[in-house]
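# Architecture at a glance
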Amino acid sequence: MSTPYGGRICYVLPNGNHLYIHLKDKLRIRHKKRWSQVMYLYYLLGWKLTRKYLIRQDSEDHKILEQQLKKEKQNTYILALDGDMNFQPSALMLLIDRLRMYPTVGAACGRIHPTGFGPTVWFQKFEYAVCHWFQKTAEHVFGCVLCSPGCFSLFRGAALMDDNVMKKYATKATEAAQYVQYDQGEDRWLCTLLLQQGWRIEYTASSDSYTNAPQEFKEFYNQRRRWGPSSLANTLDLLNTGKETSRKNSSISRLYILYQILQTAFSILAPATVCLMIAGCFTFIFGLNGNISLFLAVLPPVFYMVICFTCKSDNQILVAGFMSIFYAFLMAATFLSIIVDMVKQQTFITPSGLFFIFLVVLYFVAALMHPQEFHLVLYGFIYIICVPSAYLLLNIYTLVNLNNISWGTRETATYEKLGTRKAKKYVKYEKKCKCLCWNLEFQVNEDQKISASSNPEEVVLLNDASESQNEETENFEAGAIDDTVDERWIQQLQENTDHIELVEDKLDEDEIPFWKGLIHYYLEPLKEDKQKQSEIIKDLRNLRNKATFVFFFINCLWIVCTFFLQLIGSGVSINLPKISVDGETVKDAEIHIDAIGLVILLGFAGLLMLQFVSMIYHRIYTLIHRMAYIGSASKESEKKPLLKSKAEPWDPEMIPEPEKNIQKKRKSFDGQLEYSGINCHGMD
């Protein structure tokens with residue numbers, strides 16, 4: 001059916017459930033991911049949920065209606081998914097349990113597992129594991145989860161409909177910082193709004209889902225270019241309103257805000273910390289002077305920063321790839337040298353040795369506490385040798401490209417590019433034969449060309465003989481919207497559908513004013529204002545320059561302080577006696593430790609230990625939840641009779657077709673709707 005925003009397709013599934021597909025026209029409604037979410041949420045929560053109570057206002061008691069509406073909003077859940085997600089029904093039920101048990105929980109997320117093959121995916125597998133094992137659990141235990149990822153999360157209707165949540169989420173970005181915070185990580189911003197309104201976000205480790213991770217180095221860098229600034233912007237926004245948020249949200253205390261401040265400080269100082277680590281690698285492997293090693297460690301990041309300011313994005317990523325390989329070999333050599341040095345000196349009681357053993361034991365024990373994910377330890381080595389790429393080069397790339405607010409992986413082809421495509425040949429008949437050393441081919445082709453439809457995301461095939469359609473294409477390129485062109489997708493969909501006979505329908509007359517009003521107030525396409533766009537570009541560059549200056553000034557200040565402390569020498573170092581493996585003190589042998597480096601090491605180790613303790617508590621908590629779910633599920637299966645294998649007949653009013661034909665088409669369509677491990681039969 002045709003709608004004010006484009007079109008809608010409704011499939012009636014074998015058990016009577018409906019699968020809706022909304023087709024957006026960029027000329028009629030605002031595009032991009034956040035605006036699609038605004039469209040769906042207002043439709044589900046505004047039209048589907050609230051409207052039925054507004055209709056009954058004149059005939060029923062207002063207080064009773066308000067109580068019923070409040071109860072239904074509290075018990076309405078919306079599952080947010082990405083198209084490539086794979087999960088089982090039990091994962092969704094575990095999320096529903098969290099929202100049903102605790103009325104103050106506004107959203108719940110599960111364990112995301114990246115899938116794919118290659119070094120980039122292997123790095124992400126261990127990175128995701130570490131983030132969920134330590135960071136997510138620490139946030140859940142000590143306070144509240146800051147981000148419920150949009151790829152697989154369950155949201156409560158009452159939380160989304162709360163004050164300053166959906167209405168503020170539908171705010172158009174007008175400042176440079178808002179473009180970064182609002183549109184680069186829309187799921188993180190929505191969670192920030194929920195937290196500021198007093199709702200809690202929880203993490204359920206036993207709810208597993210699987211997503212396709214970026215397999216190419218370029219795609220990975222572009223993805224993190226969006227995630228990094230958005231996460232930092234939302235964290236700073238939450239810390240800025242920490243006093244007000246802690247009053248509204250009982251899950252966010254002053255101590256938790258202090259924990260987030262420390263976490264943010266360590267993330268900001270990550271490039272300088274990596275540079276100091278690389279300097280230690282040069283000193284440890286090549287025996288260079290500390291100051292010379294520090295100078296050599298700083299040169300590559302400075303060089304890469306110049307590349308990022310002067311070259312295109314593709315060249316920046318290419319250079320980062322080569323530098324990542326160099327750093328990976330350097331890190332691998334460093335860890336091997338640390339092991340050899342401990343063997344030679346017959347002691348592991350050194351700062352580097354103790355920290356190395358501490359990390360290995362910590363990750364190994366964490367993996368033992370997650371038996372189903374223990375194999376991810378194999379990717380730990382790749383994660384460690386890629387630390388300079390992920391925490392040094394990626395930070396530089398992200399900050400220097402802060403003014404780039406494009407997605408980088410979802411841009412659609414422009415009409416200029418579509419116009420340059422050659423005509424495609426569709427083979428109607430083909431015959432091949434071989435005679436001695438000659439290959440003979442005979443083909444009958446139909447020439448078809450590509451033309452732009454009324455939807456910029458849709459590519460329509462047109463026959464060369466259609467002159468009227470050529471005129472429609474010219475009118476569209478000139479900016480005119482013709483209603484006759486708009487309905488072309490319905491005709492083509494009917495022509496190309498083999499499995500099911502489609503019936504064209506009309507939108508309910510009562511629903512049309514809702515969509516027109518929603519589009520008018522929130523989703524009207526943005527008009528192109530070249531002057532405004534130039535101002536936004538200028539503001540984004542200024543924001544990039546300011547953020548880059550502050551970020552790297554703090555890191556440079558930290559490196560300079562370390563440099564002068566090394567110049568001073570033993571005056572600020574700590575001398576400790578050398579202890580052998582058997583526990584005896586070696587005479588006339590001391591270990592010199594930099595005081596500043598020791599403070600950083602202890603701070604980082606303390607933060608990891610804090611997260612490790614929270615992980616132990618959360619594992620016990622998850623075990624209890626899992627056992628309770630299995631017990632309740634087994635009881636429910638004993639009470640309820642098994643469903644009949646044969647589906648009930650469909651309503652003949654929905655699809656005017658004999659039942660026999662429906663059963664045939666149902667079988668052919670059944671295999672296509674098994675989505676990510678879930679059979680769509682019976683799923684709402």
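As the structure is a prediction and not an experimental result, all values here were calculated from the model.

Time to look at the overall build of the protein. Scanning the protein for helices and strands turns up 25 helices and 15 strands. Counting every position in the protein, which comprises 684 residues, the buried fraction comes to 42%. Within the protein, contacts between residues at least 6 apart in sequence are counted, and of these 74% link residues at least 24 apart. Element-wise, carbon and sulfur atoms account for 60% of the exposed surface of the protein, whose accessible area totals about 38300 Å².

Taken together, the side chains of E175, D529, E535 and D539 define an acidic patch exposed on the protein surface. Given the relative accessible area of 49%, E175 is considered partly exposed.

For the rest of this paragraph, the subject is helix α2 (residues 62–74). With 13 residues, α2 ought to run about 18 Å at 1.5 Å a step, and its terminal C-alpha atoms sit 18 Å apart, in line with that. At the N-terminal boundary of α2, the capping side chain belongs to D61, with an oxygen 3.4 Å from the backbone nitrogen of K63.

Before going further, it helps to spend a moment on empty space enclosed by the protein. Within the structure shown, the criterion is met by six cavities of 30 Å³ or more. Considering only enclosed or pocket space, the largest cavity measures out at about 60 Å³ in volume. Lining the largest cavity are R98, H140, E202, Y203, T204, A205, S206, H618, Y621, T622 and H625. When residues of the lining of the largest cavity are assigned to their parent elements, the largest contribution, five residues, is made by strand β8 (residues 200–212). Class assignment of the residues belonging to the lining of the largest cavity gives a composition of three nonpolar, six polar and two charged.

Hydrogen bonding along the main chain pairs the strands of a sheet, whether they run parallel or antiparallel. Pairing in this open sheet of three strands is antiparallel, and the strands run β1-β2-β3 from one edge to the other. The two strands at the open ends of the sheet, each matched to only one other strand, are β1 (2–3) and β3 (18–24). The sheet contact formed by β1 and strand β2 (residues 6–12) spans two bridges and is antiparallel. In the sheet register, T3 faces β2, and the bridge partner there is G6. Against the sheet, helix α1 (residues 33–55) touches β2 and β3, its axis set at about 135° to β3.

Definitions and limits used
- Residues numbered from 1 in each chain as written.
- Predicted model: local features only at pLDDT ≥ 70, side-chain atom pairs only at ≥ 80, totals over all residues.
- Heavy atoms only, no water.
- Helix = DSSP H or I, 4+ residues; strand = E, 2+ residues; numbered from the N terminus.
- Buried < 20%, exposed > 50% of the residue type's maximum accessible area, 1.4 Å probe, protein only.
- Contact = heavy atoms within 4.5 Å.
- Areas by Shrake-Rupley, 256 points an atom, 1.4 Å probe, with all protein chains shown as cover.
- Patch = residues over 30% accessible without salt bridge, like charges linked within 9 Å, V, L, I, M, F, W, Y side chains within 5 Å.
- Salt bridge = Lys/Arg side-chain N within 4 Å of Asp/Glu carboxyl O.
- Lys, Arg positive; Asp, Glu negative; His and termini not counted.
- Charge placed at Lys NZ, Arg CZ, Asp CG, Glu CD.
- Expected span 1.5 Å × (residues − 1).
- Polar contact = N/O pair within 3.5 Å; in protein donor to acceptor, adjacent residues only side chain to side chain.
- 1 Å grid on protein atoms, 1.4 Å probe; cavity = no way out; pocket = protein on both sides within 12 Å on 5 of 7 lines; lining within 4 Å.
- Points joined across faces, edges and corners; volume = space filled by probe spheres on them.
- Nonpolar A, V, L, I, M, F, W, Y, C, P; charged D, E, K, R; others polar.
- Pairing = 2+ DSSP bridges.
- Axes fitted to C-alpha atoms, helices over the stretch in contact; angles between N-to-C directions.

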